[in-house]
Amino acid sequence: MIKNKAIDLFKKFLSHEDVSDLFSKKVRAATQHVGIKENTSSPYFNYQKLEHQPALKSDVVFITGRFRSGSSVFWNLLRAQPDCTAYYEPFNERRWFDIEHRGQFVDSSHKGIQDYWTEYDNLGHLSHVYDEKWINTALHMDEYSYDSNMRAYIDSLIEHSQGRSILQFNRIDFRLPWLKKNYPNAKFLHIYRNPRDQWLSFLTDKQKMNSAEVHETYQDAFYLDVWCKDLAKQFPFLSPVITAHPYMRFYYLWKLSYLYGIKYCDYSVPLERLTSTPIEELNTIKSILNWTEFDIQKSVEKIESITIDKWRTYADESWFLEKEQICEAELDCFFNTPHANNNVNQMGTL
């Protein structure tokens, strides 16, 4: 009651003409587009380019994937290579560089992984630039966004790498435009997974959050609500006020992440194909990364088989299809693609 009155009062305040004008001016000032696209040389002096800039290295690899997409599998395959340093989820709130804070827990579903943090040992200085807000705030960054601490943090990881730098993230899919601009010579790899199987992996209690009751019983374990709240500024349909069903909000995030991945990354691979035909996929990745020393067999040995189409044990196809088609229609409208070639019937098999 008090909350609603406060909101109504604030709305009246914003609707006042003077306040509304001032607010509009500030919004316009904060959202102006920068007209200059690049820096040019000074007409008076010549400056040498700074050498050994981490941001300009060409042997840096970014991996992007949603939570429960198989990104840990992907990271572990590349970690097996001796001539690289593979960092696991650099933005994770467990702060892998902080020995006292990170703990010893390893997710039992991450088969073949004994720890996430070895590569972060002796990097305690990262605490000076790390910001835990990266996990839930400003999740969308375009090429003109600015975060000097984030850039310094990533630069430091690259600088302290032995061999090639591999950085596996679950929180950069909507920050790819910024990363591509700031690390123009890096390679970007994208992993994705059948959204229906990924949804099951999201659910920590499938009995409680069954298909008939999940609308009422959903409990967030992998940041769905947090992400939707922050990204609703760019994609309003992520708001639970507009999209109440958790699977539909999950599907929106999955599809948006997929769209960003295929647009900004050098290669996108489904988890199902990476684990079923690893030699073929790793050969392709080796070529894209120009990684001549890459030992494919070392990575293949880390492959663990996965069960696909587990979603069929959760609900029949019509349950998923009905919700996915509504989402696809909304995305068509949002991106102005009235004749998009969407065929959600094919999502069960890749």
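The structure displayed is predicted, hence computed values, not measured ones.

(A) Local environment of the overall build of the chain. In terms of regular secondary structure, the chain is built from 14 helices and five strands. With 350 residues in all, the chain has 47% of them scored as buried. Residue pairs in contact within the chain that sit at least 24 positions apart in sequence constitute 75% of those at least 6 positions apart. Carbon and sulfur atoms make up 51% of the accessible area of the chain, which totals about 19500 Å².

(B) Just the environment of Arg 102, in detail. One can find Arg 102 in helix 4 (residues 99-102). Looking at Arg 102, the relative accessible area reads 7%, which means it is buried. C-alpha of Arg 102 to C-alpha of Trp 117: the two residues are 15 residues apart in sequence and 8.2 Å apart in space. There is a polar contact of 3.0 Å between the side chain of Arg 102 and the side chain of Asp 121.

(C) Structural detail: helix 5 (residues 148-159). Here helix 5 contains 12 residues, and its C-alpha end-to-end distance of 16 Å stays within 8% of the 16 Å for a straight helix at 1.5 Å per residue. Within the sequence span of helix 5, burial applies to Met 150, Tyr 153, Ile 154, Asp 155, Ser 156, Leu 157 and Ile 158. Looking at the buried residues of helix 5, the elements they touch are strand 1 (60-64), strand 2 (84-88), strand 3 (164-169) and helix 6 (176-182). The N-terminus of helix 5 is capped by Asp 147, whose side-chain oxygen sits 3.2 Å from the backbone nitrogen of Asn 149.

(D) Representation of the pairing of strand 4 (residues 187-192) within the structure. Across the six residues of strand 4, five count as buried, placing the element largely inside the fold. As judged from the four bridges shared by strand 1 and strand 4, these two strands associate in the parallel manner. Paired with Val 61 across the strands is Lys 187, a residue of strand 4. Judged from the four bridges that link them, strand 4 and strand 5 (residues 267-270) form a sheet pairing that is parallel. The residue of strand 5 that forms the bridge with Tyr 192 is Pro 270.

(E) Summary view of the confidence of the model for the chain. When the pLDDT values of the chain are averaged, the result is 90; 89% of them are 70 or greater. Low pLDDT, under 50, characterises residues 344-350; the predicted model gives this stretch 20 contacts beyond four residues in sequence or across chains.

(F) Main features of the packing of helix 7 (residues 195-202) against helix 10 (residues 246-264). The N-to-C vectors of helix 7 and helix 10 enclose an angle of 120°; their axes lie 11 Å apart at closest approach. Comparing their axes, helix 10 and helix 7 come out oblique. Helix 7 and helix 10 meet at a crossing whose hand is right-handed. Residues Pro 195, Arg 196, Gln 198, Trp 199 and Phe 202 of helix 7 form the contact with helix 10, whose own contacting residues are Pro 246, Tyr 247, Phe 250, Tyr 251 and Trp 254. Per-class residue counts for the contact of helix 7 with helix 10 are eight nonpolar, one polar and one charged.

Analysis parameters
- Residues numbered from 1 in each chain as written.
- Predicted model: local features only at pLDDT ≥ 70, side-chain atom pairs only at ≥ 80, totals over all residues.
- Heavy atoms only, no water.
- Helix = DSSP H or I, 4+ residues; strand = E, 2+ residues; numbered from the N terminus.
- Buried < 20%, exposed > 50% of the residue type's maximum accessible area, 1.4 Å probe, protein only.
- Contact = heavy atoms within 4.5 Å.
- Areas by Shrake-Rupley, 256 points an atom, 1.4 Å probe, with all protein chains shown as cover.
- Polar contact = N/O pair within 3.5 Å; in protein donor to acceptor, adjacent residues only side chain to side chain.
- Expected span 1.5 Å × (residues − 1).
- Pairing = 2+ DSSP bridges.
- pLDDT = per-residue confidence, 0-100.
- Axes fitted to C-alpha atoms, helices over the stretch in contact; angles between N-to-C directions.
- Parallel < 35°, antiparallel > 145°, perpendicular 65-115°, else oblique.
- Left-handed = near helix turned anticlockwise from the far one by under 90°.
- Nonpolar A, V, L, I, M, F, W, Y, C, P; charged D, E, K, R; others polar.

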